[in-house]
There are 2 protein chains.
Amino acid sequence: MSNQKLFNVAVVGATGAVGEQIIGLLEKRNFPINQLKLLSSARSAGTTIKFRDQDITVEEATPESFKGVDIALFSAGGDVSKALAPHAVEHGAVCIDNTNAFRMDPNTPLVVPEVNISKVEEHNGIIANPNCSTIQMVAALKPLYDKYGISKVLVSTYQAVSGAGSRAIDELLRQTKEALEGNPVNPDILPVGSLPVKHQIAFNAIPQIDKFQENGYTLEEMKMIRETKKIMGDESIDVTATCVRIPVVHGHSESVYVELKSDYELEDVKKLLSEAPGVTVVDDMDNQQYPLATEAAGKPDVFVGRIRRDLGNTKGLNLWIVSDNLMKGAAWNAVQIAEYIAAK
Amino acid sequence: MSNQKLFNVAVVGATGAVGEQIIGLLEKRNFPINQLKLLSSARSAGTTIKFRDQDITVEEATPESFKGVDIALFSAGGDVSKALAPHAVEHGAVCIDNTNAFRMDPNTPLVVPEVNISKVEEHNGIIANPNCSTIQMVAALKPLYDKYGISKVLVSTYQAVSGAGSRAIDELLRQTKEALEGNPVNPDILPVGSLPVKHQIAFNAIPQIDKFQENGYTLEEMKMIRETKKIMGDESIDVTATCVRIPVVHGHSESVYVELKSDYELEDVKKLLSEAPGVTVVDDMDNQQYPLATEAAGKPDVFVGRIRRDLGNTKGLNLWIVSDNLMKGAAWNAVQIAEYIAAK
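Residues numbered from 1 in each chain as written. Chains lettered and ligands numbered in written order. Predicted model: local features only at pLDDT ≥ 70, side-chain atom pairs only at ≥ 80, totals over all residues. Heavy atoms only, no water.

When helices and strands are counted, chain A shows 9 helices and 14 strands. By the compact-globule yardstick of 20 Å for 344 residues, chain A fits well, its C-alpha radius of gyration being 20 Å. Its C-alpha atoms give chain A principal-axis dimensions of roughly 60 × 55 × 45 Å. In chain A, which comprises 344 residues, the proportion classed as buried is 59%. Within chain A, contacts between residues separated by at least 24 positions form 65% of all contacts whose residues are at least 6 apart in sequence. Accessible surface for chain A amounts to roughly 13,100 Å². Of this, 47% is attributable to carbon and sulfur atoms. (Helix = DSSP H or I, 4+ residues; strand = E, 2+ residues; numbered from the N terminus. Rg over C-alpha atoms; globule rule 2.2 N^0.38 Å. Buried < 20%, exposed > 50% of the residue type's maximum accessible area, 1.4 Å probe, protein only. Contact = heavy atoms within 4.5 Å. Areas by Shrake-Rupley, 256 points an atom, 1.4 Å probe, with all protein chains shown as cover.)

All right, on to the relation of the copies chain A and chain B then. Mapping chain A onto chain B is achieved by rotating through 180° and translating by 0.0 Å along the same axis, at an RMSD of 0.0 Å. Overall, the copies show the geometry of a two-fold rotation axis. Comparing interface residues between copies, 100% of those in chain A also lie at the interface in chain B; the contact surface is shared. (Least-squares fit on C-alpha atoms with pLDDT ≥ 70 in both.)

Attention now goes to the pattern of salt bridges. Per the stated rule, a full pass over the model turns up 38 salt bridges over all chains. Through salt bridges with shared partners, one network takes in K152 and D238 of chain A together with D310 of chain B. (Salt bridge = Lys/Arg side-chain N within 4 Å of Asp/Glu carboxyl O.)

Residue and element names in this part refer to chain B. Pairing is mixed across the open sheet formed by 6 strands, whose spatial order is β10-β9-β11-β14-β13-β12. Whereas interior strands pair on both sides, the edge strands pair on one side only; in this sheet they are β10 (238-242) and β12 (279-281). Sheet twist, expressed as the average angle between the axes of neighbouring strands with direction ignored, equals 25°. As paired strands, strand β11 (residues 252-260) and strand β14 (residues 316-323) are joined by 8 bridges and run antiparallel to one another. Each residue of the ladder has a partner; that of E254, found in β14, is I321. The strands touched by helix α6 (residues 219-232) within the sheet are β9 (150-158), β10 and β11, with β10 carrying the most contacts at an inclination of about 150°. Together, β12, β13 (302-309) and β14 form the strand contacts of helix α7 (residues 266-275), whose direction differs from that of β13 by roughly 175°. (Pairing = 2+ DSSP bridges. Axes fitted to C-alpha atoms, helices over the stretch in contact; angles between N-to-C directions.)

Between chain A and chain B, the residue contacts involve 62 residues of the former and 62 residues of the latter. For chain A, the biggest contributors to the area lost against chain B are F203, Q288 and R306 of chain A; these three give 14% of the whole. Where chain A touches chain B, the interface holds 6 salt bridges. E221 of chain A serves as the salt-bridge partner of R306 of chain B, at 2.7 Å between the closest nitrogen and oxygen. Across the chain A-chain B interface, the total number found is 40 residue pairs in polar contact (both at pLDDT 80 or more). If you list the elements that add at least two residues to the side of chain A that touches chain B, you get β9 (150-158), α5 (166-180), α6 (219-232), β10 (238-242), β11 (252-260), α8 (293-296), β13 (302-309) and β14 (316-323) of chain A. Partitioning the side of chain A that touches chain B into residue classes produces 32 nonpolar, 22 polar and 8 charged. (Buried area = accessible area lost by both parts, 1.4 Å probe. Polar contact = N/O pair within 3.5 Å; in protein donor to acceptor, adjacent residues only side chain to side chain. Nonpolar A, V, L, I, M, F, W, Y, C, P; charged D, E, K, R; others polar.)

On to the sheet that holds β14 of chain A. Residues and elements named next belong to chain A. The strand order β10-β9-β11-β14-β13-β12 describes an open sheet built from 6 strands, whose pairing is mixed. Each having just a single partner strand, β10 and β12 (279-281) make up the two edges of the open sheet. Taking the axes of each pair of neighbouring strands and ignoring which way they run, one obtains an average angle of 25° across the sheet. As defined by bridge partners, β9 adjoins β11 across 8 bridges and the pair is classed as antiparallel. The residue bridging I150 from the neighbouring strand is L260, located in β11. Those strands touched by α6 are β9, β10 and β11, and its axis lies near 150° from that of β10. This element, helix α7 (residues 266-275), spans β12, β13 and β14 of the sheet and lies at about 175° to β13.

Residues and elements named next belong to chain B. With respect to the helices and strands, D324 occurs in the loop between β14 and α9 (327-343). Within the structure, D324 has its side chain in polar contact with the backbone nitrogen of L326 (distance 2.9 Å). If sequence neighbours within four positions are ignored, D324 has contacts with H250, G251, A296, A297, G298, K299 and G329.

This paragraph deals with the domain arrangement of chain A. All names here are of chain A. Taken domain by domain, chain A holds domain 1 (7-130 + 330-343) and domain 2 (134-324). If you average the C-alpha positions of domain 1 and of domain 2, the two centres end up 25 Å apart. Every contact between the two is made by 16 residues of domain 1 and, on the other side, 15 residues of domain 2. Both sides of the domain 1 and domain 2 interface together cover about 1,400 Å² of buried area, and 69% of this is carbon and sulfur. (Domains from an automatic or database assignment.)

This paragraph deals with the packing of aromatic side chains. Residue and element names in this part refer to chain A. Evaluation of the coordinates by the stated rule reveals 9 aromatic pairs over all chains. When the centroid spacing of 5.6 Å and the interplanar angle of 20° are considered together, the rings of F66 and F74 count as stacked. Using a relative accessible area of 0% as the deciding quantity, one classes F66 as buried. F74 sits in the buried class, given a relative accessible area of 1%. (Phe/Tyr/Trp six-rings, centres within 6.5 Å; stacked < 30°, edge-to-face > 60°.)

What follows deals with the UniProt feature "binding site: NADP(+)" (unreviewed entry) in chain A. Residue and element names in this part refer to chain A. According to UniProt, the feature "binding site: NADP(+)" (unreviewed entry) maps to T15, G16, A17, V18, R43, S44, S162, G163, P184 and N325 in the numbering used here. Taken along the chain, the residues just named run across 311 residues; in space they spread out, the farthest C-alpha pair reaching 32.1 Å. Inspection of the secondary structure assignment puts A17 in helix α1 (residues 17-28). Owing to a relative accessible area of 23%, A17 belongs among the partly exposed residues under this scheme. Along the chain, G163 turns up in the loop between β9 and α5. Apart from residues lying up to four places away in sequence, G163 is in contact with R245 and N325. (UniProt positions renumbered as here; feature names shortened; annotations may be inferred.)

The next thing to look at is the UniProt feature "domain: Semialdehyde dehydrogenase NAD-binding" (unreviewed entry) in chain A. Here the UniProt-annotated "domain: Semialdehyde dehydrogenase NAD-binding" (unreviewed entry) positions come out as residues 8-123 of chain A. The annotated region residues 8-123 of chain A carries 25% helix and 27% strand content, and the separation between its end C-alpha atoms amounts to 19 Å.

A few words on the pairing of strand β1 (residues 7-12) of chain A. Residues and elements named next belong to chain A. Most of β1 is tucked away: 6 of the 6 residues are buried. Burial along β1 is two-sided: the face carrying F7, V9 and V11 and the face carrying N8, A10 and V12 are both buried. Pairing between β1 and strand β2 (residues 33-40): 6 bridges, direction parallel. Looking at β2, one finds that V9 is bridged to L36. At this point the chain moves from β1, through α1, to the parallel β2, and the crossover so formed is right-handed. Looking at chain direction, β1 and strand β6 (residues 71-74) are connected through 4 bridges and run parallel. From the neighbouring strand, V11 faces β6, where its bridge partner is L73. (Right-handed = clockwise from strand over helix to strand, strands pointing away.)

Another aspect to go through is unusual backbone geometry. Omega for the bond connecting L190 of chain A with P191 of chain A falls within 30 degrees of zero, at 5°, which places this linkage in the cis form. Looking at where P191 of chain A falls in the secondary structure, it is placed in the loop between α5 and α6. Although it is not a glycine, D53 of chain B adopts a positive phi angle of roughly 65°. Positionally, D53 of chain B belongs in the loop between β3 (48-51) and β4 (54-57). Despite not being glycine, Q288 of chain B shows a phi value in the positive range, around 50°.

Next up, the structure:
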């Protein structure tokens, strides 16, 4: 007989790509669950999902769904989080929100466990999970920040379509088939579902993820810029991002230039990264080994390779950072936070 | 009756992807040709290629092939250029070499017509065509260099498989089909045909183009670094590159950060670029217009967009530069040089 506390857990967006991964991780990690509530929009309600050999029926998420819930994991879009998370908090739940709704709210901690897990303590009911492309980058940068300080980060991303949801995956596969058969390719969703202009993603690279802001950056780029500063707790880091969608299903890759605040030895950097929690170094030039999206898919690690000195700046360092955007970039980061809360 | 001088022209590597484009451009541009000699390896000799309604039989390239040739365009690999270009020069031909064989030779001009066409005058029989990823970048940087000076360039590339030859195109299409059908994907050529380890390119991003050098950079990255300095005629520019192969057939995209030597007005930069020879600005956020590989394919222009200020450095500028790697990145740049020689 165990006297481990068991929790009532709700997953909002249970039928989405991230929701599925969260449910899988809760089972795999043997999360201390009393009751699991699976919630979705009215459209997807009624579906059943297997969890620990039980069929759980997905229910429509309403303000009353959160009665008795201890921990609620949200990944159903920013509007759903904005509408329902406050009700969940009222009912006494701690919300881990995987959307953009509360990330930059000064009263909401923005947490990557390897970087700033203690911020969870400061929550007012909601803890925000950062953007996928930010999470993997800061997980790799944190040990460098602690030892050397960081003055500048320049990142260009190579992002998978799964970050835009399962309909974007379907679109990539459909367009690719159309192109291979020599047929016209019909863009329907990407780059941004809610905007009028669509571009081909099959055999292409689209330098737009989310809407353009006044300053010429996309929202995805501004997320990387703002969230990195907030998570690292240092507004002085100069971050620039170019976010690009490429024809990859799962796994974001990032070409990252970092300017440290002091000189460094390359071997020290490699050692630091290889000892960093959640980070796996894949960096063997002789055997042509470096992180690849196809190999990162389905794994929780942040993979780092192509670790090399800048040739013009003794404080400059280049990295290639790859991780599964639905795992560490979303579901796994959220479940890590939930495990920390459960352990408290 | 015209008294325009006509030239005997040889194309070495006539059956390759770049050779085909060169022949097409010579015809389209109505190049002043007396006799066109099409040369290849013994394996491809005997093929016939149509040029101006004539079937020309491809001959095996030998040292004696260049007797009477005025202009020889080489794109059959560095070893062929090293072996045969000196013979062509002996026979009095001017060679325009599209390989890496002579690019960094101090006696060989490395020419992008929009940047340093006058260097052609200094040739000793051979003029080198730069690497595809370098050409499109320097064409866009030159007007900025002239007005503001450039202290640093950081580039991450999104390169098409056609840069690795037509067998790499076949491999991408074959692997993509295998992956779509749920079959195992069999990597055979990429990332580097002559190296033992192969990686999947379908639905992936491979951060290796060409062999690794002692300093941790690939040869492709070092080409971009060294060639940029040579073409701009300024060794003080600090260039860093990360070169990545992605599942695109034609057209290299580049995320480029430039640190100018002085502050600038964004509107001035846009105006400069839109007036620059060979450069077309596609930069309309309201209508989601920016350069795309699929739209650059088959065109001679260098397309520039996503033109925006760095948010932390008033001298920093970000650009997205796209061009067809077989056109401006190879064939068109070579034919431009040939046209300059012919006009002299």
